[in-house]
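The primary structure of each chain is shown beneath.
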Amino acid sequence: MTKHQSISSKDPLHIIGGQASKHQRFWKNRRVFLTGHSGFKGSWLSVWLISMGARVTGYALKSPTNPSLFELLNIKKDMKSITADIRDLNRLKKEMKKARPDIVIHMAAQPIVRVSYKNPPETFETNVIGTVNLFEAVRACKSVRVVLNITTDKVYENKEVDKAYKEGECLGGYDPYSASKACSEIVTASYRDSFFNPKDYKIHKVSVASARAGNVIGGGDWASDRLVPDFVRAVLSGGKIEIRNPGATRPWQHVLDPLNGYLMLCEKLYNNGPKYTGAWNIGPDLKDCKSVGWIAQRFCEFWGSSKTCSIQKGKHPHEAHFLKLDNTKAKKQLGWYPKWDINEAISRVVEWTKAYEAGVSVREVCERQIGDFEA
Ligand SMILES: NC(=O)c1ccc[n+]([C@@H]2O[C@H](COP(=O)([O-])OP(=O)(O)OC[C@H]3O[C@@H](n4cnc5c(N)ncnc54)[C@H](O)[C@@H]3O)[C@@H](O)[C@H]2O)c1
């Protein structure tokens, strides 16, 4: 096998733990329309859905990074991958109708805070008008039963106090990215109330929810201006590790934890309808809300690197200092809980990256980690 060549499985359920669970059976042959499938979270979710036998149609621009997890996984042949813009409403409507999905998961976004400072109009167009377009396409597509919009921990009005935000708290957003995602939440609530109201569920049969995850880490993220991808680049290239805000705390979690929450939520929305509509915090436990400096040090320890971090000089645009999510609702009502704590999450990123460095198939590594997670 050549370096980074991927394997394809004839019996995917076998890979992730032998007998199919109820959860895996739900997804088998399920038609899913996933926007943003070529990105970091979208690639992981695509590989997970494919491994359970779902019929996935992805709709996104080309992968935003080089290297690209989506390309390395070589999953295009196991799904329908459409390269198109979420701002192109006609194309989106046409492709969604063609795909006849049961479930729509919306991840396509401009997700980087610093990019949003550089290009606010594009961030708002993609994240806000993109969400409007998604719901317009859903209105025109009669097969859809579930819509899940993926937003973020940054949608809350940040009071810069050390507290965890609950779903009912005020939305806000200092930087354009956070504000655009809060707007995306408001768009979601408006379409739910106006067109997919739980009171009229028997008529429209569509359940709408949004999920707010924390700061996600995992193998294969090469985004610029994100802490863990910056480390990975530094350790792989022998470069310097520089951090901006060592004291800033974030709700860190491994990518498989929020994805598991999204899958559980979609299942509940599909099976129980309006009971599960609304917003859900899918964040880590509070003990895993750590500072950037703590994460940096732990990453170096797990990597076995003697590197030290330096603080990036210069003036940086505003970023929140405290950020925590209260995940009580998801635990109590969905039965979801974080499975991998922050140490496990960092060690899985290190494991993934070392395997990538050694030339192991990244698809194999992702599928193995999904199997371990499900077990
Ligand atoms: N990574 C995190 O830590 C994190 C945390 C909370 C929420 N989120 C949210 O999760 C989602 C996925 O994030 P990610 O980290 O995988 O981001 P990513 O940048 O890796 O992927 C973004 C995806 O959106 C697509 N996209 C961007 N602009 C588009 C457009 N105009 N039309 C169509 N597709 C477009 C890209 O092609 C890509 O597939 C985003 O909505 C993001 O806001 C991410």
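Calculation rules
Residues numbered from 1 in each chain as written. Predicted model: local features only at pLDDT ≥ 70, side-chain atom pairs only at ≥ 80, totals over all residues. Heavy atoms only, no water. Pairing = 2+ DSSP bridges. Helix = DSSP H or I, 4+ residues; strand = E, 2+ residues; numbered from the N terminus. Axes fitted to C-alpha atoms, helices over the stretch in contact; angles between N-to-C directions. Contact = heavy atoms within 4.5 Å. Phe/Tyr/Trp six-rings, centres within 6.5 Å; stacked < 30°, edge-to-face > 60°. Buried < 20%, exposed > 50% of the residue type's maximum accessible area, 1.4 Å probe, protein only. Lys NZ or Arg CZ within 6 Å of the ring centre and 35° of its normal. 1 Å grid on protein atoms, 1.4 Å probe; cavity = no way out; pocket = protein on both sides within 12 Å on 5 of 7 lines; lining within 4 Å. Points joined across faces, edges and corners; volume = space filled by probe spheres on them. Salt bridge = Lys/Arg side-chain N within 4 Å of Asp/Glu carboxyl O.

**Student:** Describe in detail the sheet that holds strand β11 (residues 289-291), supporting the description with residues and values.
**Tutor:** Taken together, 3 strands build an open sheet; the order of strands is β7-β9-β11 and the sheet is mixed. Looking at strand neighbours, the two that pair on one side only are β7 (215-217) and β11, the edges of this open sheet. The sheet shows a mean angle of 50° between the axes of neighbouring strands, direction not considered. Note: strand β9 (residues 249-254) against β11, 3 bridges, orientation antiparallel. Paired with P251 across the strands is C289, a residue of β11. Against the sheet, helix α11 (residues 256-272) makes contact with β7 and β9, and its axis sits at roughly 70° relative to β9, the strand it touches most.

**Student:** Which residues make up the side chain of T249, and what are the values?
**Tutor:** Mapped onto the secondary structure, T249 falls in strand β9. Residues in contact with T249, not counting those within four places in the same chain, are K290, S291, H321, F322 and L323.

**Student:** Tell me about the packing of aromatic side chains, and please be specific about residues and values.
**Tutor:** By the definition in use, this model includes 14 aromatic pairs. Aromatic side chains F26 and W27 sit 5.0 Å apart centroid to centroid with 80° between the ring planes, which places their arrangement in the edge-to-face category. On the numbers, 5.1 Å between centres and 25° between planes, the contact of F231 with F299 is stacked. Of the two residues, F231 sits in helix α10 (residues 227-237) while F299 sits in helix α12 (residues 292-303), which places them 68 residues apart along the sequence. One exposure class covers both F231 and F299, and it is buried. Grouping aromatic residues by their ring pairs yields a cluster made of F26, W27 and Y270. Over the face of the ring belonging to Y270 we find R30, whose NZ or CZ atom lies 4.3 Å from the ring centre.

**Student:** Help me get a handle on empty space enclosed by the protein, residues and values and all.
**Tutor:** Under the defined criterion, the tally for this structure stands at 1 cavity of 30 Å³ or more. By volume, the largest cavity amounts to about 50 Å³. Looking at the largest cavity, the residues that line it are G218, G220, D221, W222, V228, V232, V349, W352 and T353. Elements with a minimum of two residues in the lining of the largest cavity: α10 and α14 (342-357). Residue contributions to the lining of the largest cavity peak at 3 residues, all from α14.

**Student:** For the pattern of salt bridges, give the residues involved together with the corresponding values.
**Tutor:** Evaluated as defined, the whole model comprises 25 salt bridges. Note that R87 and D85 form a salt bridge whose closest N and O atoms lie 2.7 Å from each other. Close ionic contact of K331 with D285 constitutes a salt bridge, the shortest N to O distance being 2.6 Å. Of this pair, K331 sits in helix α13 (residues 328-334) while D285 sits in the loop between β10 (278-282) and β11, placing them 46 residues apart in sequence. The network of salt bridges with common partners includes K77, D78, R363 and E367.

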